[in-house]
Amino acid sequence: MLEQINVVDVIRLFLRNWWKIAATAVLGAVLALVITVYGMTPIYTSRGSLYVNNNNTTISQNVNLNDLATAQQLAYTYVELLSSDTFMSQVLSYSQLPYTAAQLKGMISLAPLNETEIIEIKAISYYPEHSQAIVDSVLKNAQDEIMRVIQASSITIVDKATLPRNPSSPSRTKNTMLGFIIGAILSMLVLFVIEVFDTRIKTENDLMMVKGLPLLGVIPNIEVSNAEENKNGNSK
């Protein structure tokens, strides 16, 4: 019963059945790896970045602190501008990829990098070439779009679109470790539940707790090997 089980009993339960816990954890890890490799489609992420300049000057020219602060604020405005449906349609037309504007918008992420005047562009897709083409299209069309709407300031490409070599998701290592942990936890949970609902009397303490009476004696369990039995039988 639950009230008869303490922390020490639970620890002893897990130690007695450590091999079951380990086997279930390994099984969970293998299952998670198989699902990751054969059941999940890999996703590739391409990255690029833009520098926001408030003076219509190039990045190599001197700027003061007020210009930098203004550029940081403009970065958030540019993020909203470059996330518009109109700009997404331009990116789609330039890239010539088989997506809709709504799909493309969900694949692109734009944000100021570490609260600076640099805007980081990320694109995810099932194909590394598509991710790179999307970021490249954003980088090459951003300047014209900003000049068309705001007619001031300028941006400069800092990092060109990268071609992802490895998938960014799913992570085989992360999922395998997660499967191992989940397998171990489920195994311990099952062992605990079985122990809680196991009402069999297995020890002298169980008998005393059920009957509420002192134990006067125990009949020993004497196991005699087959060889000794045969020997005793022959001697008779």
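Residues numbered from 1 in each chain as written. Predicted model: local features only at pLDDT ≥ 70, side-chain atom pairs only at ≥ 80, totals over all residues. Heavy atoms only, no water.

**Student:** Can you walk me through the overall build of the protein in this structure?
**Tutor:** Summing up its helical and strand segments, the protein has nine helices and four strands in all. Element order for the protein, N to C, with α for helix and β for strand: α-α-β-α-α-α-β-β-α-β-α-α-α. Within the protein, buried positions represent 30% of all 236 residues. Carbon and sulfur atoms make up 59% of the accessible area of the protein, which amounts to about 15800 Å² in all. (Helix = DSSP H or I, 4+ residues; strand = E, 2+ residues; numbered from the N terminus. Buried < 20%, exposed > 50% of the residue type's maximum accessible area, 1.4 Å probe, protein only. Areas by Shrake-Rupley, 256 points an atom, 1.4 Å probe, with all protein chains shown as cover.)

**Student:** Would you mind showing me how to read the pattern of salt bridges here?
**Tutor:** Where side chains of opposite charge bring their charged atoms close, a pairing between them can arise. Counted under the stated rule, the structure contains four salt bridges. The salt bridge partner of Arg47 is Glu120, with a shortest N-O separation of 4.0 Å. Within this pair, whereas Arg47 is found in strand E1 (residues 44–53), its partner Glu120 is found in strand E3 (residues 118–125), the two being separated by 73 residues in sequence. For Arg47, a relative accessible area of 40% gives the class partly exposed. Judged by relative accessible area, Glu120 falls into the partly exposed class, the value being 25%. We note a salt bridge from Arg148 to Glu145, for which the minimum N-O separation is 2.8 Å. (Salt bridge = Lys/Arg side-chain N within 4 Å of Asp/Glu carboxyl O.)

**Student:** Please clarify how a nonpolar patch on the surface should be interpreted in this entry.
**Tutor:** Taken together, the side chains of Val26, Val30, Leu33, Val34, Val37, Tyr38, Phe180, Ile181 and Ile185 present a nonpolar region at the surface, about 820 Å² in accessible area. For the nonpolar patch, the secondary structure elements donating two or more residues are helix H2 (18–39) and helix H7 (172–196). Sorting elements by how many residues they give to the nonpolar patch places H2 first, with six residues. Tracing the backbone shows Tyr38 in helix H2. We classify Tyr38 as exposed; its relative accessible area is 72%. (Patch = residues over 30% accessible without salt bridge, like charges linked within 9 Å, V, L, I, M, F, W, Y side chains within 5 Å.)

**Student:** Any chance you could explain the packing of helix H4 (residues 85–95) against helix H6 (residues 128–149) here in plain terms?
**Tutor:** Each pair of packed helices can be described by the angle between their axes along with the distance between the axes. Look at H4 against H6: their axes get within 9 Å of each other, and the N-to-C directions meet at 130 degrees. In terms of orientation, H4 lies oblique with respect to H6. For the crossing formed where H4 meets H6, the hand is right-handed. Counted together, Thr86, Phe87, Gln90, Val91, Tyr94 and Ser95 of H4 and Ala133, Ile134, Asp136, Ser137, Val138, Lys140, Asn141, Ala142, Glu145 and Arg148 of H6 form the full contact between these two elements. (Axes fitted to C-alpha atoms, helices over the stretch in contact; angles between N-to-C directions. Parallel < 35°, antiparallel > 145°, perpendicular 65-115°, else oblique. Left-handed = near helix turned anticlockwise from the far one by under 90°. Contact = heavy atoms within 4.5 Å.)

**Student:** Please clarify how the sheet that holds E1 should be interpreted in this entry.
**Tutor:** Two orientations exist for strands paired in a sheet by backbone hydrogen bonds: parallel and antiparallel. Judged by pairing direction, the sheet is antiparallel, and its four strands sit side by side in the order E2-E3-E1-E4 without closing on themselves. Here the strands that pair on one side only, and so sit at the sheet edges, are strand E2 (108–112) and strand E4 (154–159). Each adjacent strand pair in this sheet contributes to an overall mean axis angle of 25 degrees, direction not counted. Looking at chain direction, E2 and E3 are connected through five bridges and run antiparallel. Of the residues in E3, the one forming a bridge with Ile108 is Ala123. The strands touched by H6 are E1, E2, E3 and E4; relative to E1, the strand with the most contacts, the crossing angle is about 15 degrees. (Pairing = 2+ DSSP bridges.)

**Student:** Quick question: what am I supposed to make of the confidence of the model for the protein here?
**Tutor:** The predicted coordinates ought not to be read in detail in places where the model reports low pLDDT. Overall, the predicted model of the protein reaches an average pLDDT of 82, with 73% of residues at or above 70. Here residues 56–63 scores under 50 on pLDDT; set against residues more than four positions off or in separate chains, the count is 13 contacts. (pLDDT = per-residue confidence, 0-100.)

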